[in-house]
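Summary of structural features
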Amino acid sequence: MSDVQGEAASGAFKVNSLSGLADADAGKGRLVWDWPRSIWNMGFLVAALILGPLYFTWGAFVAFLALSGFTLCVGHSVGFHRRLIHHTFDCPKWLERVMVYIGVLVGMGGPLWTVGLHDIRDWAQRQENCHWFLRHAKPALIDGYYYLNFRLIFEKPPKFDAGSGISDDAFYLFLQRTWMLHQIPIALLLYWIGGWPWVVWGVVVRVATCFTMHWYIAHVAHRPGGQDWFVEDAAVQGYNISWLAIPTMGESWHCNHHAFPASARHGLYPGQIDWGYDFIRLLAWCGLAKNIMLPSNLPARPSITPLTERALSIAAPDQEAVSQRYRV
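These figures come from a predicted structure and were not determined experimentally. (Residues numbered from 1 in each chain as written. Predicted model: local features only at pLDDT ≥ 70, side-chain atom pairs only at ≥ 80, totals over all residues. Heavy atoms only, no water.)

Topic: the overall build of the protein
Along the backbone of the protein there are 12 helices and 6 strands. Whereas a compact globule of 328 residues would reach a radius of gyration of roughly 20 Å, the protein reaches 20 Å, a difference of no more than 12%. Out of the 328 residues in the protein, the part that is buried amounts to 55%. Taken as a whole, the protein presents about 14,900 Å² of accessible surface, with 65% of it coming from carbon and sulfur. With 25 positive and 24 negative side-chain charges, the protein shows a separation of 4 Å between the mean positions of the two kinds. (Helix = DSSP H or I, 4+ residues; strand = E, 2+ residues; numbered from the N terminus. Rg over C-alpha atoms; globule rule 2.2 N^0.38 Å. Buried < 20%, exposed > 50% of the residue type's maximum accessible area, 1.4 Å probe, protein only. Areas by Shrake-Rupley, 256 points an atom, 1.4 Å probe, with all protein chains shown as cover. Lys, Arg positive; Asp, Glu negative; His and termini not counted. Charge placed at Lys NZ, Arg CZ, Asp CG, Glu CD.)

Quick look at the structure:
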């Protein structure tokens, strides 16, 4: 059952991988230096800034664009986010594992870390006392400094279990332990094709760009922007950021995603580019994806209020009646 379905059935928000929420506290915790990730992030960022201009070639730049787009779309947006975290469509297990592996190649973390980071942030941002570390309300450079170098240790954390099919999957556990090492085969292949420029742009600059953009979309999409829905029980709202739609593969339609997290489609309205959903449609055309969840075939969701005339045009027929109860 997805988090949205759980909410519709019980009337209370639920995150699949978390338990003990009644005793957890989203407001109290301390920051600690996340030294492995900090060294990884800062090392790649500094190396990209120094080596990128020195080793620039147009061929290397094309390799950077192609690998970034492929890994972000197939791996992070579809494999990690829309399949592993939200289960917005069904696919063969072998295909899920392939997409998750491609997600690891983005260079941000392993599958269990990604699920945990997403779900704990999702839960915390719904609490009125959400810790400042997760609100993204600080100036961009300060927010990025903390996000890329520190982690939050709650005094009373929720319990985390990614669940059957993830936390007990030997392949995913292997990827979680070894996620940093999987840049090496790519580097060797790129060196064979194009030498050091392709390694620098295809690995170093790509990884630095991808994890920086992952933070940045989390930052700007939780600050004022376009909004068709208001999530009543969330202290931190999501917003649609149109100019980031293409580089994020549709992940920047964040208000839409907050309103319908179990939807495989994030760009819900005309003109909202969503290459992640387009890839899922391609999988469906090939017979590799089915049971694709959309707002129109999901149960009507309580606690969301339409803010624009077009809002309800994509929702289930009974969404208006359910939302009416929550209008301000």
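Let's talk about the UniProt feature "transmembrane region" (unreviewed entry) in the protein
Following the UniProt record, the feature "transmembrane region" (unreviewed entry) maps to residues 38-56, 61-78 and 98-117 here. Taken end to end, residues 38-56 comprises 89% helix and 0% strand; its first and last C-alpha atoms sit 26 Å apart. This span, residues 98-117, is 75% helix and 0% strand, and a straight line between its end C-alpha atoms measures 21 Å. (UniProt positions renumbered as here; feature names shortened; annotations may be inferred.)

Observations concerning the nonpolar core
Of all hydrophobic cores here, the largest spans 55 residues; its most connected members are Phe44, Phe89 and Met99. Of all the elements, helix H9 (residues 196-220) adds the most residues to this core, at 12 residues. Apart from residues no more than four positions distant in its own chain, Met99 is found in contact with Val74, Gly75, Val78, Gly79, Phe89, Cys91, Phe279 and Leu283. (Core = buried A, V, L, I, M, F, W, Y, C linked by side-chain atoms within 4.5 Å. Contact = heavy atoms within 4.5 Å.)

Re a nonpolar patch on the surface
Together, Val46, Leu49, Ile50, Leu54, Tyr55, Tyr191 and Trp196 make up a nonpolar patch on the protein surface, roughly 780 Å² of accessible area in all. With 4 residues, the single largest contributor to the nonpolar patch is helix H2 (residues 35-54). Within the secondary structure, Leu49 sits in helix H2. (Patch = residues over 30% accessible without salt bridge, like charges linked within 9 Å, V, L, I, M, F, W, Y side chains within 5 Å. Salt bridge = Lys/Arg side-chain N within 4 Å of Asp/Glu carboxyl O.)

What to know about the packing of helix H3 (residues 58-85) against H9
Two numbers describe how H3 lies on H9: the axes approach to 8 Å, and their chain directions differ by 45°. Put simply, H3 runs oblique to H9. Crossing hand, H3 versus H9: right-handed. Across the interface between the two elements, Gly59, Ala60, Phe61, Ala63, Phe64, Leu67, Ser68, Thr71, Leu72 and His76 of H3 pack against Pro197, Trp198, Trp201, Gly202, Val205, Arg206, Thr209, Cys210, Met213 and His214 of H9. Residues that form the contact of H3 with H9 fall into these classes: 12 nonpolar, 7 polar and 1 charged. (Axes fitted to C-alpha atoms, helices over the stretch in contact; angles between N-to-C directions. Parallel < 35°, antiparallel > 145°, perpendicular 65-115°, else oblique. Left-handed = near helix turned anticlockwise from the far one by under 90°. Nonpolar A, V, L, I, M, F, W, Y, C, P; charged D, E, K, R; others polar.)

Observations regarding the environment of Arg310
Relative to the helices and strands, Arg310 resides in the loop between strand E6 (304-306) and helix H12 (319-324). Each C-alpha atom, one on Arg310 and one on Tyr269, is 8.0 Å from the other, the two residues being 41 residues apart in sequence. Excluding its chain neighbours within four sequence positions, the residues that come into contact with Arg310 are Asp228, Tyr269 and Gln272. Within the structure, the side chain of Arg310 is placed 3.0 Å from the side chain of Asp228, a separation counted as a polar contact. (Polar contact = N/O pair within 3.5 Å; in protein donor to acceptor, adjacent residues only side chain to side chain.)

Quick look at unusual backbone geometry
One non-glycine residue, His87, lies in positive phi territory at about 50°. Here His87 lies in the loop between H3 and helix H4 (93-105). You can call His87 partly exposed: its relative accessible area is 36%. If you check the backbone angles, Ser303 has positive phi at about 70° while not being a glycine. Counting through the fold element by element, Ser303 comes out in the loop between helix H11 (275-285) and E6.

Some points on the packing of aromatic side chains
Taken as a whole and assessed by the stated rule, the structure comprises 20 aromatic pairs. Ring centres of Tyr146 and Phe150 lie 5.6 Å apart, and the angle between their planes is 50°; this geometry places the pair in the tilted category. When the ring centre of Tyr269 is taken as origin, the NZ or CZ atom of Arg310, which lies over that ring, is 4.5 Å away. (Phe/Tyr/Trp six-rings, centres within 6.5 Å; stacked < 30°, edge-to-face > 60°. Lys NZ or Arg CZ within 6 Å of the ring centre and 35° of its normal.)

Quick look at the side chain of Ser17
On the secondary structure map, Ser17 appears in the loop between helix H1 (3-10) and strand E1 (18-19). The class for Ser17 is buried, based on a relative accessible area of 5%. Leaving out residues up to four positions away in the same chain, Ser17 has contacts with Val115, Asp119, Lys159, Phe160, Asp161 and Ala162.

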